[in-house]
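# Structural overview
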Amino acid sequence: MLGRDIYETRCVLCHGPAGEGNGRMSKIIKSPPPYNLTLSRLPKAYLIDIVTKGGEAMQRSGQMPPWGDQLNEQEINQVVSYVMSLRK
Ligand code: HEC
């Protein structure tokens, strides 16, 4: 599966269609809200970690779910590359 397809199935509800953190779930997840991924400047290795292990394991919000049990390494790599392509 392409990174974009994974993003649109699993991430869009929180992070929004263009990654701006304005998905539908942002109406109820507010402190902190889903990250505006267009403003992310963290290195790829960190993004892979937080997507795999979830926010809580990274001392961030537990509202960012872990995906390591649902997506394999290659899929996580693809979705992270896609997310990085949304940066402004
Ligand atoms: C249920 C809502 C939700 C879903 C679904 C979700 N996220 Fe998140 N995500 C969050 C929240 C909330 C944060 C902010 C965590 C914090 O700042 O403590 C976050 C943070 C992040 C970050 C950190 C960005 C940075 O630079 O600090 C990345 C990367 C990320 N999410 C990627 C993804 C990807 C990829 C998916 C889909 C596989 C996804 N998220 C699905 C809620 C969600």
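Everything below is about the structure shown above.
My aim in this report is to walk through the structure given alongside it, one point at a time. (Residues numbered from 1 in each chain as written. Predicted model: local features only at pLDDT ≥ 70, side-chain atom pairs only at ≥ 80, totals over all residues. Heavy atoms only, no water.)

### Some thoughts on the overall build of the protein
Regarding its fold elements, the protein presents 3 helices and 0 strands. Along the chain direction, N to C, the helices and strands of the protein fall in the order α-α-α. A compact globule built from 88 residues should have a C-alpha radius of gyration of about 12 Å, and the protein, at 12 Å, falls within 12% of that. Projecting the C-alpha coordinates of the protein onto the three principal axes gives extents of approximately 30 × 25 × 25 Å. The buried share among the 88 residues of the protein stands at 38%. For the protein, the computed accessible surface area is about 5,500 Å², with 56% contributed by carbon and sulfur atoms. Considering the protein, the positive charge centre built from 11 side chains and the negative charge centre built from 8 side chains are found 10 Å apart. (Helix = DSSP H or I, 4+ residues; strand = E, 2+ residues; numbered from the N terminus. Rg over C-alpha atoms; globule rule 2.2 N^0.38 Å. Buried < 20%, exposed > 50% of the residue type's maximum accessible area, 1.4 Å probe, protein only. Areas by Shrake-Rupley, 256 points an atom, 1.4 Å probe, with all protein chains shown as cover. Lys, Arg positive; Asp, Glu negative; His and termini not counted. Charge placed at Lys NZ, Arg CZ, Asp CG, Glu CD.)

### What to know about the site of the ligand
Neighbouring the ligand are 22 residues, the closest being Cys11, Cys14, His15, Ser40 and Met64. Contact distances for the ligand include 2.9 Å between an oxygen atom and a side-chain N or O atom of arginine 60. Here an oxygen atom of the ligand sits 2.8 Å away from a polar atom, N or O, in the main chain of serine 61. Elements supplying a minimum of two residues to the shell around the ligand: α1 (3-15) and α2 (44-53). At 4 residues, the largest contribution of residues to the shell around the ligand is made by α1. Residues belonging to the shell around the ligand are distributed by class as follows: 16 nonpolar, 4 polar and 2 charged. (Near = heavy atom within 4 Å. Polar contact = N/O pair within 3.5 Å; in protein donor to acceptor, adjacent residues only side chain to side chain. Nonpolar A, V, L, I, M, F, W, Y, C, P; charged D, E, K, R; others polar.)

### Focus: the coordination of the iron atom of the ligand
For the iron atom of the ligand, the protein coordination sphere consists of His15 (NE2) and Met64 (SD), at 2.0 to 2.2 Å. One can describe the site at the iron atom of the ligand as octahedral: its 6 donor atoms subtend angles covering 87 to 179 degrees at the metal. Placement of histidine 15 in helix α1 and of methionine 64 in the loop between α2 and α3 (73-85) is noted, with a sequence separation of 49 residues between them. For the pair shown, histidine 15 and methionine 64 are each scored as buried. (Donors = N, O, S within 2.8 Å, 3.2 Å for Na, K, Ca; no water. Tetrahedral: all angles 85-135°; square planar, octahedral: opposite > 155°, others 65-115°.)

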